[in-house]
Amino acid sequence: MGILFMLSGVLFLAGVLDPPILPTWGGSVTDVMTTASAHRTAWFASTWLITLSIVAGLAAVELLVRIIDTDLARVGRGLYVAGSALGLASTTYDLAVTSTLLGAPALPDWYLGIQQWADGLGTAYFALLAPAAMGCMGAAILRTCALPAWTGYVFLTATVLLLGQYAAFRGALPFPQFLAFIALGIAALVRRAPGAGGPSPGREPGEPAVHDPSTVKETP
């Protein structure tokens, strides 16, 4: 789970911070297409990285909910699954349709309308459904103590930042989501590391260690 959360965050950052593509975020469709046509390889790499980031995040959330195992966490999972479906629909449209128009002398009218719709799917995922899901899972973490409490607060902070961006700008830069994913991934990996203070393998938290007389050597 920790690896998947970290992978999701790192893939997203790599896709968004791709230098040739970075200036196009928030730009017009025409500007984006002009840049993408001039940097096809970077555009394809960026789109695929974001797509894989969504998939890795979806798998990580599924594993997290299995660990927390509360109704609130399951509500969060439902919201995240719905949002991920919209996000993947948006990137799939880019890979299947937008890619065929790179370098075209003029964009057809039908594309401009549908592209706005596809962008709206991405906004629904990044700015609404994902932060709502993270709010549910953050609250569930705090209630169950399945992970360090600070990870729950990180998720709740990301929720507030993302929803606040949407309220102010009708959009969101989803960095808080994926930085929170990286933070939770690190916490999960540290928690499972030998000597990190977590429960021993095969024991529930709080269960005492079983005394094995065969491991004790008598002193002459």
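No experiment lies behind these values; they were computed from the predicted model shown.

Thresholds applied
- Residues numbered from 1 in each chain as written.
- Predicted model: local features only at pLDDT ≥ 70, side-chain atom pairs only at ≥ 80, totals over all residues.
- Heavy atoms only, no water.
- Phe/Tyr/Trp six-rings, centres within 6.5 Å; stacked < 30°, edge-to-face > 60°.
- Helix = DSSP H or I, 4+ residues; strand = E, 2+ residues; numbered from the N terminus.
- Buried < 20%, exposed > 50% of the residue type's maximum accessible area, 1.4 Å probe, protein only.
- Lys NZ or Arg CZ within 6 Å of the ring centre and 35° of its normal.
- 1 Å grid on protein atoms, 1.4 Å probe; cavity = no way out; pocket = protein on both sides within 12 Å on 5 of 7 lines; lining within 4 Å.
- Points joined across faces, edges and corners; volume = space filled by probe spheres on them.
- Nonpolar A, V, L, I, M, F, W, Y, C, P; charged D, E, K, R; others polar.
- Expected span 1.5 Å × (residues − 1).
- Core = buried A, V, L, I, M, F, W, Y, C linked by side-chain atoms within 4.5 Å.
- Contact = heavy atoms within 4.5 Å.
- Salt bridge = Lys/Arg side-chain N within 4 Å of Asp/Glu carboxyl O.

Colleague: For the packing of aromatic side chains, give the residues involved together with the corresponding values.
Modeller: Two aromatic rings, taken as a pair, are described by how far apart their centres are and by the angle between their planes. Under the counting rule described, the total for this entry stands at 14 aromatic pairs. With a centroid separation of 6.0 Å and an interplanar angle of 50°, the aromatic rings of F12 and F126 are classed as tilted. In this pair, F12 sits in helix α1 (residues 2-16) while F126 sits in helix α5 (residues 109-144), placing the two residues 114 residues apart along the sequence. For the pair shown, F12 and F126 are each scored as buried. Connected via pairs of aromatic rings, a cluster forms that spans F5, F12, Y80, Y125, F126, F155, F175, F178 and F181. Taking NZ or CZ as reference, R170 lies 5.5 Å from the ring centre of Y166, over its face.

Colleague: I'd like to hear about the layout of surface pockets, residue by residue, with values.
Modeller: Considered as a void within the structure, the largest pocket measures approximately 1000 Å³ in volume. Along the wall of the largest pocket there are 37 residues; nearest its centre are T24, W25, G26, D119 and F126. Contributions of two or more residues to the lining of the largest pocket are made by α1, α2 (29-38), α3 (40-68), α4 (71-96) and α5. The dominant element in the lining of the largest pocket, judged by the number of residues it contributes, is α5, at nine residues. A breakdown of the residues in the lining of the largest pocket according to their chemical character gives 20 nonpolar, 15 polar and two charged.

Colleague: Give me α1: which residues, what numbers.
Modeller: What sets the pattern is the α-helix's 3.6 residues per turn: residues three or four places apart point alike. Relative to the 21 Å expected for 15 residues at 1.5 Å per residue, α1 spans 22 Å between its end C-alpha atoms, a close match to the ideal helical length. Here α1 has its buried residues at G2, F5, S8, G9, L11, F12, L13, G15 and V16.

Colleague: Just give me the short version of the nonpolar core, but keep the residues and values in it.
Modeller: Counting residues in each nonpolar core, the largest one holds 30 residues, and the members touching the most others are F5, L64, F155 and F181. Within the residue set of this core, elements represented by two or more residues are α1, α3, α4, α5, α6 (149-169) and α7 (175-192). Of all the elements, α5 adds the most residues to this core, at eight residues. Setting aside anything within four residues of it in sequence, one finds F5 in contact with A60, V61, L64, F155, F181, I182, L184 and G185. Of all hydrophobic cores here, the second largest spans ten residues; its members include I21, A36, W43 and Y93.

Colleague: Describe in detail the pattern of salt bridges, supporting the description with residues and values.
Modeller: Using the criterion set out here, one finds four salt bridges in the structure. For E62, the salt bridge is made with R77, and the minimal N-O distance between the two is 3.3 Å. Of this pair, E62 sits in helix α3 while R77 is found in helix α4, placing the two residues 15 residues apart along the sequence. What makes R77 partly exposed here is its relative accessible area of 24%. The partner of R74 in a salt bridge is D71, with the nearest N and O atoms 2.7 Å apart. Residue R74 and its partner D71 are both found in helix α4; the two are separated by three residues, about one turn of the helix. Residue R74 is classed as partly exposed on the basis of its relative accessible area, which comes to 32%. On the basis of relative accessibility, which here comes to 58%, the residue D71 falls in the exposed class.

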